[in-house]
Structure formats: C-alpha cells, structure tokens
Amino acid sequence: MEYKASEVENKWQKFWEENESFEPKEDYTLDKKYILSMFPFPSGRLHMGHVRNYTIGDAFARFYRQAGKNVLHPIGWDSFGMPAENAAIKNGAHPKQWTYDNIDYMRSELSRLGLSFSKKREFATSDELYTKFEQGFIIDMYEKGLMYSKTGLLNWCENDQTVLANEQVVDGCCWRCDTPVVKKEMNQYYFKITDYSDELLNDLNKLEDGWPKQVLTMQENWIGKSTGLEFDLHFDAASKTKLNNAFEKFDVFTTRPDTIYGVSYCALAPEHDIVTYMLENNLLPNEVSAEIKKMKNASSIDRQKEKAGVPLNISVVHPLTGASIPVWIANFVLMDYGSGAVMAVPAHDDRDYDFAKEYNLPIKSVIKPKKGELPIDKAFTETGILFDSGEFDGLKSKESQGKIMHHFDTNGLGKKVINFKLKDWGVSRQRYWGAPLPFIHCEDCGLVMEKKENLPVALPEDIEITGEGNPLDHHPTWKYCKCSQCGKDAIRETDTMDTFVQSSWYFLRYTASPSIWKEKAFDKKELDYWMGVDHYIGGIEHAILHLLYARFFTKVMRDLGYINTDEPFNHLLTQGMVLKDGTKMSKSKGNTVDPDALVEKYGADTARLFILFAAPPTQELEWNDSAVEGAFKFLKRFADRSKNAYETEIIPSINHGMLSKTEKAARNKVYEALERANEVFAERHTFNTLIAGVMEAMNALNEQDNADVWTEGYWIISSIIEPIVPHLCWEVADKLFKRKNFSPAEVLQEVFTVDTLC
RNA sequence: GCGGAUGUGGUGAAAUUGGUAUACACGCUAGACUUAGGAUCUAGUGCCGCAAGGCGUGGAGGUUCAAGUCCUCUCAUCCGCACCA
C-alpha cells in the first residue's frame with residue numbers, strides 16, 4: 001500500500017464527520033471516561049503546544065473508545081479576553097467578529113489533525129447562552145454571600161487598563177503583557193474563595209494519586225496556611241496621649257510564640273491604620289512623613305530591594321515582661337497579611353535581624369541550639385531550648401509554643417489563630433470583551449441583582465473601542481436600565497468578569513447533552529455520570545490560576561446544590577513545553593513551527609506520531625525536523641509492509657510451538673508492545689515507549705516471512721497505535737480486517753515462554 | 001533564602017520491583033540499487049585501545065552477590081514561590 005497521507009486523512013475525517021463517530025452515548029449505564037484537554041483561547045492559529053495538548057488527549061480518548069468505554073471528549077473556546085479588544089484597537093476589527101472568525105479557522109485546523117472531539121458539544125464562552133447561565137451563578141453566589149464588593153488598593157495594569165487578581169501578578173508585573181503593576185484604589189467585586197481555604201488545602205490529599213506533586217505543592221504554598229499566636233500590644237500612657245487616645249493597641253501575629261521573650265521592637269506596615277492616622281493628623285516630623293510616603297509609593301520590587309524603616313517614637317508594653325517596646329514602621333511588613341503589624345525578634349528571625357542591624361536596635365537571644373553555640377553574626381532561626389524566658393525556661397521550642405499560646409489564651413492576652421496567604425479573588429475587569437456582571441445600581445435600593453429571567457445581560461455590539469477607559473461605561477445607552485426591585489431608573493454595572501470565571505466551569509457545561517442546553521446549564525444526573533474528569537491535560541502554567549479557580553467553582557456549585565462532586569479533575573497531566581533551539585517556541589524569537597505547514601507536508605499522523613515519540617508528555621519537547629522526517633518514514637514503511645498481511649475478520653490462530661526462532665521473536669515483540677500499550681495508557685502515559693515498542697515489533701516482523709505472524713502483528717499493532725496514528729490505522733485496519741481488530745486483543749502468555757530448544 | 005524537579009552516547013531518549021546500561025529513533029560511516037538521490041535497502045556506530053583488555057549513567061563516598069535505580073555528602077541546570085512574621 002502506497003502511503004498518501006492527505007488522501008487517507010481526508011477520507012477518514014469525512015467518514016468520522018458523516019458518521020458522528022465521536023459523540024458520547026447518552027446511556028448512563030455504560031462505563032464512562034471523560035477526557036479533556038484544556039480548551040484554547042482563539043488567538044487565530046494553533047501552535048505546537050496546542051498540537052501536543054490535543055494529541056495527548058486524543059490518544060486517551062481513542063484508547064478508551066477501543067476499550068468499549070463511553071467517552072466524552074469535548075472541545076470549545078475560551079473566547080472572552082483582552083487580545084480580542086487589542087486586535088480591535090490595532091486593526092479596527094470588532095472583537096466579536098475577530099473572535100468568531102478565529103474560532104472558525106482554528107476549528108478547521110483541529111479537524112485536520114484528526115482529533116476525535118464531540119462536535120455537538122462545542123461552544124464558545126462568549127456565546128450568550130453561556131453568559132446567561134454564568135450570570136445566573138453569579139447571582140446565586142451573591143445571594144449566598146460568596147460574592148461581595150469593596151474598595152481597596154488593587155493591582156492595576158496601565159497597559160491593559162484593568163485590575164488584576166493577585167494570581168495574575170507575576171514578579172510584580174502583568175501576567176499577560178509584563179507591564180509593572182501599580183496599586184490603584186478602586187471598587188471591586190470579589191469571590192469569597194477564602195471561605196474555602198481549608199477545603200481547597202485539605203482536598204489536595206484527594207488528588208495525591210492523580211496530580212503531579214509539583215502542582216500540589218504549588219497550590220499548597222499559594223494557599224499558605226500557617227498557625228500561630230495573635231495577641232494585642234497595648235500602647236503605654238505617653239504614647240496613647242500622643243495618639244490623641246485614638247488607639248489603645250494593635251494586634252500582631254507570630255508563628256514563633258516561643259521567641260516572644262526576645263521581642264525588642266515591633267513594626268507596622270506603612271499602610272497600617274495607625275500610620276495613616278498619624279500622617280493625617282500631623283503627628284510625625286516632616287522628614288518621617290516624607291519617608292513613609294516614599295515607602296508607600298515604591299513598587300513592590302523596589303520595596304523588596306532593601307530593608308528600610310522609621311521610628312514612630314511611640315511604644316507598647318510587652319505582654320509578659322512589661323518591658324517598653326519601640327514601634328517602628330518597616331517596608332518589609334505586608335499590610336495584607338495578618339494584621340499588617342509584627343513583633344520583631346531580631347535574634348531569631350533573619351528579616352528582623354537585618355532591620356535591627358540597619359538601625360542599631362537591640363538583639364536579645366532567648367533560644368539556644370540543642371547542640372553547639374548560638375551564631376554570632378546572624379539570627380538563629382531554628383528551634384531549640386528556651387532561656388531568659390521566665391517560667392518557660394528550659395522548654396523545647398515545640399512544647400513551649402503550645403504552653404505559651406495556652407498562657408495567652410487563659411489570661412485573655414491573645415489566642416491561637418490560623419492565617420492564609422490566599423486572598424479573595426477579585427473578578428471585576430474594566431474591559432468590554434467579557435461577561436457583564438449582572439448587577440444594577442439603584443439610588444434607592446443600592447446594589448441589586450438583575451432578574452434571572454432577564455438574563456443574559458448581553459454585550460452591546462455597537463461599541464467604540466479606543467483603549468481609553470471602559471467601553472461599556474462610555475456607551476451612550478447600554479448602562480441605563482430599570483431597577484429590578486423598585487422599577488426606577490438605574491445604572492448597570494459596567495465591569496465585566498475576569499475570563500478565568502468562564503474557564504472555571506466549562507468542563508461542567510460539557511456534560512450537558514445538547515438537548516437541554518437552552519433550558520439549563522447542566523443536569524445533575526449527567527454531572528453525576530460524567531464528573532470528575534478522568535484525564536485533564538494542559539500546561540503547567542495553569543498550576544495555580546485556572547486549576548485553583550476551577551476547584552473553587554466546583555465546590556461552590558456543590559454547595560449551591562447543582563452537583564455532588566468535590567474535585568473536578570481526577571487525573572492531571574501537565575505537558576511540557578515545545579522547544580526549538582533550546583528555547584520556547586515564540587513568534588518574537590522567530591523559532592516557531594507552523595502546524596498547518598507540517599500537516600500539509602507530512603500529514604496529521606506524522607505530526608501526531610512525532611510529537612508523542614520525541615519525549616514523554618510531561619517533559620519538554622525539543623523540535624527536530626529530521627526526526628519528524630523519521631516519523632514519516634516509519635508510517636510509509638508501516639503502510640507498505642501491510643502487503644505482508646492477509647485479509648481476515650478474526651485474529652489468526654497460531655501454533656506457537658511450530659514456529660521458527662525469528663517467527664517466535666516477532667510474536668514476542670508484538671505481544672510485548674501490546675502489554676506495554678495497556679500499561680502506558682493505564683498508568684505511565686509514556687507514549688514514546690509505546691511507539692518504540694511498536695517499532696521494535698515492526699523490526700522483528702520484518703525478520704521473518706510467516707503470513708500468519710504478519711497478519712496477527714498487523715491486527716494488534718494497527719489497533720494499539722490507532723490512538724496515536726488514527727487515519728492510517730483506520731485505513732489499514734479497514735482494508736485488512738474490516739476494523740474488527742479495534743478492540744482490546746488478549747495478551748497470549750505462550751509467546752513469552754523462553755524457548756530453550758532453539 | 002525556601003520548595004520541587006532533572007543530570008545516561010554526537011542528539012531526543014529507554015531501562016516498570018535493585019538483576020546483560022544505552023532499547024527505539026535522529027545523526028554519522030561504509031556498502032547495494034540507481035542517470036541521479038535529499039528515495040529505498042543492508043551493515044556498522046558508548047569511550048580508550050592494533051589487540052587482549054580496560055573504562056563508562058554529573059562528582060565523591062557507602063549499602064549489596066548485584067546500584068542509572070537505595071543511602072550520605074557534593075556540583076550543575078531548570079522550574080515554582082519569594083520579606084507570608
């Protein structure tokens with residue numbers, strides 16, 4: 001058989017399309033598999049990262065289909081977002097037009113790769129039907145107290161003209177455009193993700209078997225739970241007077257209560273209420289005020305460069321010793337963690353030590369190592385034995401912590417508390433191409449929800465996009481509406497939602513059979529059947545953002561009564577990047593390989609084969625043009641040697657004992673490949689070794705000329721690499737076996753017995 | 001600084017539980033066929049050495065009959081977090 005890739009691929013793509021071969025069955029008694037690759041943003045064209053992502057997912061989907069499972073393998077478009085607006089600003093294209101044109105083009109690209117998606121379940125998150133249900137959830141969440149608005153200092157990107165969530169600030173810069181993020185005070189809507197801090201952390205345990213450890217660790221660190229002592233520090237009389245008796249005290253948090261006798265100063269964040277009060281009431285010398293203002297205005301990167309602070313010339317009383325402790329302002333104290341104030345123990349904390357050295361503050365050691373001496377020129381930050389610590393002398397750090405916290409508690413001085421680094425998720429964006437928040441501002445009723453029957457609150461299409469300000473706010477009529485409660489004139493909220501909201505529930509929407517799409521977002525029975533996603537495949541860059549938000553949303557949906565699932569993704573496979581010349585492929589570096597050109601030249605099967613053969617999926621993949629060529633040659637050979645097999649609709653039965661040595665060796669390799677394929681799909685996911693096994697089998701078959709052995713070999717091989725090389729395998733298997741071989745073959749142990757006679 | 005990962009031929013990589021290190025492929029060398037070959041096929045290809053032989057999984061130790069795999073230390077690279085009190 002001569003190998004004409006485009007002919008074979010067109011033929012079978014047409015066949016699959018006409019036969020709707022990849023639609024899941026709506027029979028919920030069958031064994032299911034839900035295979036999902038992260039859906040793409042419709043940027044215009046596919047890149048190699050997409051090809052890798054969808055090839056991996058497709059391999060799983062096709063494997064499980066052969067294994068008789070009912071497979072849900074959907075695709076859609078994460079289609080809201082700023083690039084659409086940026087294109088509008090740059091080229092004058094309407095964001096909607098730009099987006100849906102891109103989707104049409106990229107859909108055809110995906111189809112040419114032979115990916116076995118359910119076509120009927122495809123949607124874009126910018127579809128009004130999707131927005132409608134999403135806005136419904138927002139209303140539910142608001143009513144359940146899981147959403148609120150507040151004014152605060154927010155991360156603002158000047159370039160994108162919008163706020164960013166904490167997770168979207170990378171190294172002090174915007175995650176999308178790398179512009180340094182500045183702080184801006186504005187009103188913002190938040191999801192109360194912190195209500196789920198503990199559950200999001202604890203449920204990571206449930207994912208231990210299915211998720212990469214690295215991702216679990218990253219999420220754990222991001223949630224950042226720490227347990228410690230919170231207590232008040234009271235001002236002395238003179239300080240209270242100085243503060244016009246406006247403040248009595250402030251509270252601090254420490255995870256090292258065992259070091260409390262070593263406190264020699266304490267420090268407030270420059271943004272702390274007491275500092276603000278002192279500034280506003282001119283209680284500080286001019287040069288000190290100036291210094292504080294400078295600290296507050298410094299970028300987060302500058303602020304980290306070196307420790308700086310100023311004394312406030314006020315003091316608090318040590319809660320245990322009664323000693324007087326000076327209060328400073330320090331640039332390293334974070335306002336948004338704990339209470340924005342810390343007790344400083346320079347002898348046992350690196351930061352406090354550096355600061356004390358800088359400003360000549362006293363350093364008092366109270367913990368000594370179990371063995372050896374205290375270091376002379378740095379802080380001793382490990383645990384040890386307490387000394388100069390009153391009644392707690394001689395105790396080990398660990399046991400003293402409990403006792404000290406208990407002492408604070410019973411004497412009403414403070415209490416044990418748990419702090420999280422995780423912050424609430426700010427979701428308002430001051431942009432056009434996003435899902436509008438379904439909120440209305442009424443002069444009489446305040447903030448009210450749009451009525452559910454009026455959803456969706458859709459975007460206006462006659463819009464002017466200039467890059468200046470929020471286009472919805474500038475629209476002549478859109479924001480004027482009636483209050484949903486009292487009917488009076490009111491104003492719509494013009495902020496749209498973070499696009500991560502849409503990707504937080506799209507995998508739930510896919511479970512809905514298209515027949516119910518218009519009535520509801522999804523159906524509980526269908527969710528129960530399909531969720532969780534058995535294999536979720538995507539880039540490691542989503543380790544925190546998307547994967548944390550999606551977990552949060554799943555728990556919220558559960559608590560709103562929509563579903564019974566705790567965790568959305570049973571198994572997560574994080575694919576490695578596609579590199580060329582040692583660096584990530586990118587347009588700016590000019591080292592991209594265009595998937596279309598690759599498919600044009602060699603066909604989709606070659607592209608798929610190479611991409612799975614070159615490296616295990618979790619590792620980086622270095623592009624190599626001649627190795628692509630090699631993959632193509634293998635397929636040509638595979639097509640050509642199929643002439644050695646004969647047509648049959650049952651697997652040949654072979655008397656193994658009667659075979660020659662090379663014939664036995666060939667069968668041995670074939671069945672080894674079969675065993676390995678089963679293992680690879682079930683556990684190891686190292687498709688490169690599966691392919692190597694198939695190549696070995698081909699090489700071994702080539703060493704002999706028994707037609708039965710060849711036929712058996714093709715029966716098995718064309719079935720096990722069908723998930724990877726689908727078009728050619730369907731062609732070969734159709735010609736030879738009427739595709740009767742597309743179901744798992746039995747592993748015959750006899751072929752593995754070592755033949756001692758020859 | 002903290003956390004995680006990775007180090008194997010010229011290259012991408014394999015070795016699943018400690019059991020023949022380098023499977024499979026790329027590249028390279030030689031040959032066959034050919035008007036020609038960037039097609040196809042055959043043979044070879046870890047390093048040193050004419051050979052016998054020796055040496056080889058970042059480095060140094062250790063456990064073991066046996067170590068790429070386990071333990072200790074160390075070096076390098078990559079990734080994530082980064083003043084979280």
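Anything mentioned here points back to the structure above.
This write-up is about the structure you can find in this document. (Residues numbered from 1 in each chain as written. Chains lettered and ligands numbered in written order. Predicted model: local features only at pLDDT ≥ 70, side-chain atom pairs only at ≥ 80, totals over all residues. Heavy atoms only, no water.)

### Considering the sheet that holds strand β17 (residues 425-426)
Then, in step 1: Read across the open sheet, the 4 strands follow the order β4-β3-β7-β17; overall the sheet is antiparallel. One side of each edge strand has no neighbouring strand; the edge strands of this open sheet are β4 (162-164) and β17.
Then, in step 2: Here strand β3 (residues 147-157) pairs with β4 via 3 bridges, running antiparallel. From the neighbouring strand, Trp-156 faces β4, where its bridge partner is Val-163.
Then, in step 3: Contacting β3 and β7 (182-191), helix α5 (residues 128-143) crosses the sheet at an angle of about 115 degrees to β3. (Pairing = 2+ DSSP bridges. Helix = DSSP H or I, 4+ residues; strand = E, 2+ residues; numbered from the N terminus. Contact = heavy atoms within 4.5 Å. Axes fitted to C-alpha atoms, helices over the stretch in contact; angles between N-to-C directions.)

### What to know about the protein's contact with RNA strand B
Then, in step 1: Taken together, 37 residues are adjacent to RNA strand B, and Thr-254, Thr-255, Arg-303, Arg-351 and Arg-684 come closest.
Then, in step 2: Across the atoms of RNA strand B situated within 4 Å of the protein, the share located in sugar and phosphate is 69%.
Then, in step 3: The separation between a sugar or linking oxygen of RNA strand B and a polar main-chain atom of Phe-332 is 3.4 Å. (Near = heavy atom within 4 Å. Polar contact = N/O pair within 3.5 Å; in protein donor to acceptor, adjacent residues only side chain to side chain.)

### So, the packing of helix α19 (residues 604-613) against helix α20 (residues 625-641)
Then, in step 1: Contact geometry of α19 with α20 gives a least axis separation of 9 Å together with a crossing angle of 120 degrees. When the axes of α19 and α20 are compared, the pair comes out oblique. Crossing handedness for the pair α19 and α20: right-handed. On the side of α19, the interface is formed by Asp-605, Thr-606, Leu-609 and Phe-610, while α20 contributes Ala-627, Val-628, Ala-631, Phe-632, Phe-634 and Leu-635.
Then, in step 2: Residue classes in the contact of α19 with α20 are distributed as 8 nonpolar, 1 polar and 1 charged. (Parallel < 35°, antiparallel > 145°, perpendicular 65-115°, else oblique. Left-handed = near helix turned anticlockwise from the far one by under 90°. Nonpolar A, V, L, I, M, F, W, Y, C, P; charged D, E, K, R; others polar.)

### Overview of the sheet that holds strand β27 (residues 583-584)
Strand pairing in a sheet is mediated by backbone hydrogen bonds. Such pairs are either parallel or antiparallel.
Then, in step 1: Spatial strand order, β27-β26-β28: 3 strands in an open sheet with mixed pairing. Two strands lie at the open edges of the sheet, namely β27 and β28 (621-622), each paired on one side alone.
Then, in step 2: With 2 bridges joining them, strand β26 (residues 578-580) and β28 adopt parallel strand pairing. Looking at β28, one finds that Leu-579 is bridged to Glu-622.

### What about the environment of Glu-703?
Then, in step 1: Locating Glu-703 in the fold gives a position in the loop between α22 (687-701) and α23 (707-720).
Then, in step 2: In the structure, Glu-703 is positioned 41 residues away from Thr-662 in sequence and 6.4 Å away in space, judged by C-alpha atoms.

### Observations regarding the nonpolar core
Then, in step 1: Met-48, Phe-60, Trp-623, Phe-638 and Tyr-714 are the most contacted members of the largest nonpolar core, which has 90 residues in total.
Then, in step 2: Setting aside residues up to four positions removed in sequence, Phe-638 forms contacts with Met-698, Tyr-714, Ile-717, Ser-718, Leu-728, Cys-729 and Val-732. (Core = buried A, V, L, I, M, F, W, Y, C linked by side-chain atoms within 4.5 Å. Buried < 20%, exposed > 50% of the residue type's maximum accessible area, 1.4 Å probe, protein only.)

### A short note on a negative patch on the surface
Then, in step 1: Taken together, the side chains of Glu-306, Asp-350, Asp-354 and Glu-358 make up a negatively charged region of the molecular surface.
Then, in step 2: Summarising the element assignment, Asp-350 is placed in helix α12 (residues 350-359).
Then, in step 3: Overall, Asp-350 belongs to the partly exposed group, its relative accessible area being 46%. (Patch = residues over 30% accessible without salt bridge, like charges linked within 9 Å, V, L, I, M, F, W, Y side chains within 5 Å. Areas by Shrake-Rupley, 256 points an atom, 1.4 Å probe, with all protein chains shown as cover. Salt bridge = Lys/Arg side-chain N within 4 Å of Asp/Glu carboxyl O. Lys, Arg positive; Asp, Glu negative; His and termini not counted. Charge placed at Lys NZ, Arg CZ, Asp CG, Glu CD.)

### Brief notes about helix α10 (residues 286-297)
Then, in step 1: In a regular helix each residue adds 1.5 Å, so 12 residues correspond to 16 Å; α10 covers 17 Å between its end C-alpha atoms and thus fits that length.
Then, in step 2: Val-288, Ser-289, Ile-292 and Met-295 are the residues of α10 that are buried. Across the axial projection of α10, the buried residues extend over an arc of 120 degrees, all falling on one side. More than 90 degrees from the buried face of α10, the exposed residues found are Asn-286, Glu-287, Lys-294 and Asn-297.
Then, in step 3: Turning to α10, the residues buried within the fold contact α9 (273-280), α11 (300-305), β11 (309-317) and β12 (324-330). (Expected span 1.5 Å × (residues − 1). Arc of directions from axis to C-beta.)

### Focus on the side chain of Asn-102
Then, in step 1: You can see Asn-102 is positioned in helix α4 (residues 95-112).
Then, in step 2: Once you skip the residues sitting within four places of it in the chain, Asn-102 turns out to touch Pro-42, Ser-43 and Gly-44.

### So, the packing of aromatic side chains
Then, in step 1: Applying the stated criterion across every chain, the model contains 60 aromatic pairs.
Then, in step 2: Considering the side-chain rings of Tyr-54 and Phe-117, the 6.0 Å spacing of their centres and the 80 degrees angle between planes classify their relative orientation as edge-to-face. Taken together, the residues span a long stretch of sequence, with Tyr-54 in helix α2 (residues 48-66) and Phe-117 in the loop between α4 and α5 at a distance of 63 residues.
Then, in step 3: Assessed through its relative accessible area of 1%, Tyr-54 is described here as buried.
Then, in step 4: Lying across the ring of Trp-478, Arg-492 places its NZ or CZ 6.0 Å from the centre. (Phe/Tyr/Trp six-rings, centres within 6.5 Å; stacked < 30°, edge-to-face > 60°. Lys NZ or Arg CZ within 6 Å of the ring centre and 35° of its normal.)

### Quick look at the pattern of salt bridges
Then, in step 1: Applying the stated criterion across every chain yields a total of 47 salt bridges.
Then, in step 2: For the salt bridge of Lys-479 with Asp-473, the shortest nitrogen-to-oxygen distance reads 2.9 Å.
Then, in step 3: Classification of Lys-479 as buried rests on a relative accessible area of 14%.
Then, in step 4: In this structure Asp-473 comes out as partly exposed when scored by relative accessible area, which is 33%.
Then, in step 5: In this structure, Glu-649 engages Lys-740 in a salt bridge whose closest nitrogen and oxygen atoms are separated by 3.4 Å. Of this pair, Glu-649 sits in the loop between α20 and α21 (661-684) while Lys-740 is found in the segment after α24 (726-737), placing the two residues 91 residues apart along the sequence.
Then, in step 6: Overall, Glu-649 belongs to the partly exposed group, its relative accessible area being 43%.
Then, in step 7: Relative accessible area serves as the criterion here: at 46%, Lys-740 is assigned to the partly exposed category.
Then, in step 8: Three or more residues are tied together by salt bridges with common partners; here these are Glu-199, Asp-203, Lys-206, Arg-551, Lys-555, Arg-558, Asp-559, Asp-566 and Glu-567.

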